[in-house]
Amino acid sequence: MDPRRCVFIIAVFSIVAHGCASYDPRPLIESFFLERAQTQSKSQVHVSAAVPSAAETRQIFGVDLYGKGVQPVWIRIENQDEKPIWFLPVGIDPMYFTPLEASFLSHYRFSSAANTKMDRYFFEKGKDIYVHPGSVRTGFVFTNLDEGTKSFAIDLVGEDQQVRSFTFFIPVPGLKIDHRKIDFKTLYPNDAWNTLDDDKALIAFLEGLPCCTVNKKGTENGDPLNLIVIGNGDDVYHAFMRAGWDETETVTAVSAWRTGMSYFFGGRYRYSPVSALYLFGRRQDAALQKARGTIHERSHLRLWLAPVQFKGKSVWVGQISRDIGVRFTTKTIVTHKIDPDVDETRSYLIQDLWYSQGLARFAFVKGVDSAAIDAPRHNMTGDPYFTDGLRAVLWVSSQPVAFEKTEFIEWRLPSE
C-alpha cells in the first residue's frame, strides 16, 4: 500500500476516534479525598477544605489536571451568621485558574460535544464567592500545582468589613516526603531528654554543639551547623510552608529520574532529594528547599531534632546554604556548588521568615568557628566557605507575627 495512503487512513481514524471521545467524570461522592477534609470555625462561620491527589483529580474531573499544572482545592463554607460574606479566592492563589480556563487547558482536540460537556461540568464545580446568611456553598478553586503539602489561606469578608482568615496546611498523597517517615516521639529514649529553662543554659548547649555536619562514619566534616530553630513540629512546619519553602522527597527511582531530567534539561524540580549529612549519629530528620530558576539554583536546609527542650519548645539544629550552580568532582562526579558566603544565606532565611510573618524572635550564638574569605574552610565535596562563626537562633510561630513585633535578642552580634 502507498505510504501516503496509510498516513491518510491513520489521520482519518485519529480524527474519528477523537471526535467520538466521551467525557465521563466520576461523581464527587465517589471520591475518598473528602475523608481528609479539615474544618475550622470562626464567628459563626465554618470552613472545610480538602485537596484531591492526582489520581483522585482525574476521577473527579475526568482529565489529567495535575499534568497541566492545575490543582483543584475543594472548599465548603457554612455561613451561620446573620450577614452575608464574600469569599476571596486570591487568598488561596493570586494566579488561580478560572473554571473555564482549567477546562480549556484539558480540551480534546476533535470533540466539541465532549468539550462543551467538560466546560459545563467545570463551571458547575467552580466556587461562588458570595455566601448568603444561613447557607452553605461548596466548590473548587483551580490553583497552581503544589505537591507534598498544600498551604493556603481562605479569607472571608463580611458586609461590616470584618475579615475572617483561615490558614490550612493539607498533606496531598503522592510524594514520599522525607520527614513523614520519621517518628519524632521515639527518636530518643525518655531518659535522654534534657529540659532547659533559662537563656544561659540554652546558649551553653548551642555553643557546645559540633561545628559542622559529618559523613556517615563521622570521620570528615561537612557544611557548618549555622542554624537553630526553636518551635514544636507544627510551628516549624507552618512557618516554613507559609514562607514558600518546599518539602523534600526521599530518594526513589521516581525522584532520581525527575532529578536527572531537571538536571539535564534545566527544570525546576521543587522537591528534589537532598544528600545526606549527619549529626547525632543520623542523617537529617527533615530537609526544606526553595527553588529558584532551575534545579541548579536553590536555597536548602537540613534539620535535626535535638534531645533538649527550651521552655517547652523543641530545639532543631540545622545547616543552610545556597546552591548557585553545579560542578564536577572526583568524589561524586557531579555536585551542587554552594555560595561560599554561607552567612548571607543564613541572613536570607531570617529575612524570609520575618517578611512572611513566621518569625517571633531571633538571636545569634557562637559555635561554628570563624573562617575568613581569604582562608576559607571546605565542605566534604571541596566547596570553600567563609563565615563569622555564628549560628542564627530563630523562634518560629504557627500564627502570623506582625513585622514590627519580631524581637531581636542581643546575645551576639554578627559583626563580633
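Residues numbered from 1 in each chain as written. Predicted model: local features only at pLDDT ≥ 70, side-chain atom pairs only at ≥ 80, totals over all residues. Heavy atoms only, no water.

**Overview of the overall build of the protein**
Right, so step 1: Per the secondary structure count, the protein includes eight helices and 24 strands.
Right, so step 2: Sorting the 416 residues of the protein into buried and exposed places 47% on the buried side.
Right, so step 3: In the protein, 69% of the contacts between residues at least 6 apart in sequence involve partners at least 24 apart.
Right, so step 4: When the accessible surface of the protein is totalled, it reaches about 20,500 Å², and 56% of it is carbon and sulfur. (Helix = DSSP H or I, 4+ residues; strand = E, 2+ residues; numbered from the N terminus. Buried < 20%, exposed > 50% of the residue type's maximum accessible area, 1.4 Å probe, protein only. Contact = heavy atoms within 4.5 Å. Areas by Shrake-Rupley, 256 points an atom, 1.4 Å probe, with all protein chains shown as cover.)

**A word on the sheet that holds strand β7 (residues 149-158)**
Right, so step 1: Here we have four strands laid out as an open sheet, ordered β5-β4-β7-β8, and antiparallel in their pairing. Across the chains shown, the open sheet's two edge strands, defined by having one partner strand only, are β5 (130-131) and β8 (163-171).
Right, so step 2: Across nine bridges, the pairing between β7 and β8 is antiparallel. In the strand pairing of β8, K150 is matched with I170. (Pairing = 2+ DSSP bridges.)

**Quick look at the layout of surface pockets**
Right, so step 1: In this model, the second largest pocket occupies a volume close to 500 Å³.
Right, so step 2: Taken together, 28 residues form the lining of the second largest pocket, with I92, S151, F152, M241 and R242 sitting closest to its centre.
Right, so step 3: At the level of elements, β7, β8, α6 (233-242) and β13 (246-247) are the ones that each hand at least two residues to the lining of the second largest pocket.
Right, so step 4: No other element matches the six residues that β7 contributes to the lining of the second largest pocket.
Right, so step 5: In terms of residue class, the lining of the second largest pocket is built from ten nonpolar, nine polar and nine charged. (1 Å grid on protein atoms, 1.4 Å probe; cavity = no way out; pocket = protein on both sides within 12 Å on 5 of 7 lines; lining within 4 Å. Points joined across faces, edges and corners; volume = space filled by probe spheres on them. Nonpolar A, V, L, I, M, F, W, Y, C, P; charged D, E, K, R; others polar.)

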